[in-house]
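Per-entry structural report
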Amino acid sequence: KLIMKKIIIGARGSKLSLAYATKVKKSILESEFNLSSDKIEIKSIKTSGDIFHDKKLSEIGGKNLFCKEIEESLIKKKIDIAVHSLKDMASEEVPSLNIAAYLERNDPRDVFVSFNHSNLKELTNKIMGSSSRRRDLQLKLINKDILVKNIRGNIDTRIKKLKDGLYDGIVLALAGIKTLELEENIKHIFSAEEMLPAVGQGIIAAQCRKDDIGIIKLLKKINNQETEQCAIAERSLLKTLGGDCDAAVGGLATIRKTELTLSAQLFSDSGDQNYIYKTKGKREDGAEIGTMVGMELLKKAGNSFKKK
């Protein structure tokens, strides 16, 4: 049994991030360490991604903006565990930190949310809100007659913008919508074939300091091995592609018994070409599978994609 001081979990201040932090706390309390609820505190941390929410992520420094301040708090020992949506994390980890637990994956798919339109394929000159270049380009493959406009802010903010008529529809991650119990707004769930999700979508990651043995022991108890193996494959793919937040990349690993399948999609820098590759291998070989799929996509893309 571990005897510990108060454990502080740090997360972004959005409703969704705090729900994820609460989920990590609950998982720890349900594991076998007999900690009482008052031994674990959740602290909300404002990140630059939350502060500059009217600009595109790529304009203000890329995807790690939702993690940077939280990771700094972890390094400075102001918190003991950082909770992130895995898809917000850069593919290169901070050397002194590591992800010690991946919670069981939520549904990784994307959804179409609208109040006035139920069929995306029939929309002409309607404005779709999307926060990622991947989704922009995937939407254009489904229907070239829609206009895609950048949308930022947390889920509540985006749904409010939709209600206010600034957009005709928006694309969001199903995991977030489900967590906040907003499913009644969903008009369509995209299959992974229609819209391959972002790498790590639907996965909650709990990160700690590499030398914090007590916390590592604790987090290992709540780690979901299957989710971890999928995450390793997807993140290895992203790393191989040099996937910063401006690269339009989709990637999804799934496991059946002992076999891991990784599907990936990469768009050219111009956005008018896309390359798809899929392969399978042993579930424990995720890192190698991710690298191989990444290399194959780079080969297919040739000069049309510059590795960042």
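Placed above this text is the structure.
One structure accompanies this document, and this report is about it. The shown structure was predicted, so the numbers you read here are calculated from the model rather than taken from an experiment.

**Quick word on the overall build of the protein**
Looking only at helices and strands, the protein features nine helices and 13 strands. Against the globule reference of 19 Å for 308 residues, the protein gives a C-alpha radius of gyration of 19 Å, in line with a compact fold. Considered along the principal axes of its C-alpha atoms, the protein spans approximately 60 × 45 × 35 Å. Across the 308 residues of the protein, 53% fall into the buried class. For the protein, the accessible area works out to roughly 14500 Å², and carbon and sulfur atoms hold 49% of it. Of the charged side chains in the protein, 54 are positive and 42 negative; the average position of the first set lies 1 Å away from that of the second.

**Remarks on empty space enclosed by the protein**
Space left empty within the atom packing is revealed by a probe, the size of a water molecule, rolled over the atoms. The final tally for this structure, using the stated rule, is one cavity of 30 Å³ or more. By volume, the largest cavity is sized at about 80 Å³. Forming the boundary of the largest cavity are A11, R12, S17, Y20, F66, I70, V83, H84, S85 and D88. Elements represented by at least two residues in the lining of the largest cavity include exactly β1 (7–12), α1 (15–30) and β3 (81–85).

**Points about the sheet that holds β1**
The strand order across the open sheet formed by five strands is β2-β1-β3-β10-β4, and the pairing between neighbours is mixed. Two strands in the sheet have a free side with no partner beyond their single neighbour: β2 (40–45) and β4 (97–102). Within this sheet the neighbouring strands show an average axis-to-axis angle of 30°, counted without direction. Against the sheet, α1 makes contact with β1, β2, β3 and β10 (204–209), and its axis sits at roughly 160° relative to β2, the strand it touches most.

**Regarding the sheet that holds strand β6 (residues 127–130)**
Read from one edge to the other, the open sheet built from five strands follows the order β7-β6-β8-β5-β9, with strand pairing classed as mixed. Every interior strand has two partners, whereas the edge strands, β7 (147–150) and β9 (186–189), have only one. Averaged over all neighbouring strand pairs, the angle between strand axes comes to 30°, with direction disregarded. Pairing analysis gives two bridges linking β6 to strand β8 (residues 169–173), with the strands arranged parallel. When the sheet's bridge partners are listed, G129 is paired in β8 with I170.

**Observations regarding the pairing of strand β12 (residues 259–267)**
Most of β12 sits inside the fold, with eight of its nine residues counted as buried. Of the pairings in the sheet, the one linking strand β11 (residues 249–256) to β12 comprises eight bridges and is antiparallel in character. Residue pairing in the sheet places L252 in a bridge with S263 of β12. The hairpin turn running from β11 into β12, its antiparallel successor, is two residues long, and K257 in that turn takes a positive phi close to 55°. Between β12 and the antiparallel strand that follows it, strand β13 (residues 274–282), lie six residues; G271 among them carries a positive phi value of about 90°.

**With respect to the packing of aromatic side chains**
Across all of its chains, the model carries zero aromatic pairs by this definition. Sitting over the ring of Y167, K149 keeps its end group 5.1 Å from the ring centre.

**Re α1**
Along its 16 residues, α1 runs 22 Å from first to last C-alpha, staying within 8% of the 22 Å computed at 1.5 Å per residue. Restricting attention to buried positions, one finds in α1 the residues L16, S17, Y20, A21, V24, K25 and I28.

**Overview of the pairing of β13**
Here β12 pairs with β13 via nine bridges, running antiparallel. Residue pairing in the sheet places A264 in a bridge with Y277 of β13.

**Some words on the nonpolar core**
Ranked by internal contacts, the top residues of the largest apolar core, which has 39 residues, are V24, I28, I81, V83 and L219. The element contributing the most residues to this core is α1, with five residues. I81 has contacts with I7, I8, I9, G10, I28, L74, A206, Q207, I215 and L219, leaving out every residue within four places of it along the chain. Counting residues in each nonpolar core, the second largest holds 20 residues, with V199, A247, I289 and V293 among its members.

**Brief notes about helix α3 (residues 68–75)**
Taken residue by residue, α3 has E69, I70, E71, S73 and L74 as its buried positions. Phi for K77, located one or two positions after α3, is positive at around 65°.

About the thresholds
Residues numbered from 1 in each chain as written. Predicted model: local features only at pLDDT ≥ 70, side-chain atom pairs only at ≥ 80, totals over all residues. Heavy atoms only, no water. Helix = DSSP H or I, 4+ residues; strand = E, 2+ residues; numbered from the N terminus. Rg over C-alpha atoms; globule rule 2.2 N^0.38 Å. Buried < 20%, exposed > 50% of the residue type's maximum accessible area, 1.4 Å probe, protein only. Areas by Shrake-Rupley, 256 points an atom, 1.4 Å probe, with all protein chains shown as cover. Lys, Arg positive; Asp, Glu negative; His and termini not counted. Charge placed at Lys NZ, Arg CZ, Asp CG, Glu CD. 1 Å grid on protein atoms, 1.4 Å probe; cavity = no way out; pocket = protein on both sides within 12 Å on 5 of 7 lines; lining within 4 Å. Points joined across faces, edges and corners; volume = space filled by probe spheres on them. Pairing = 2+ DSSP bridges. Axes fitted to C-alpha atoms, helices over the stretch in contact; angles between N-to-C directions. Contact = heavy atoms within 4.5 Å. Phe/Tyr/Trp six-rings, centres within 6.5 Å; stacked < 30°, edge-to-face > 60°. Lys NZ or Arg CZ within 6 Å of the ring centre and 35° of its normal. Expected span 1.5 Å × (residues − 1). Core = buried A, V, L, I, M, F, W, Y, C linked by side-chain atoms within 4.5 Å.

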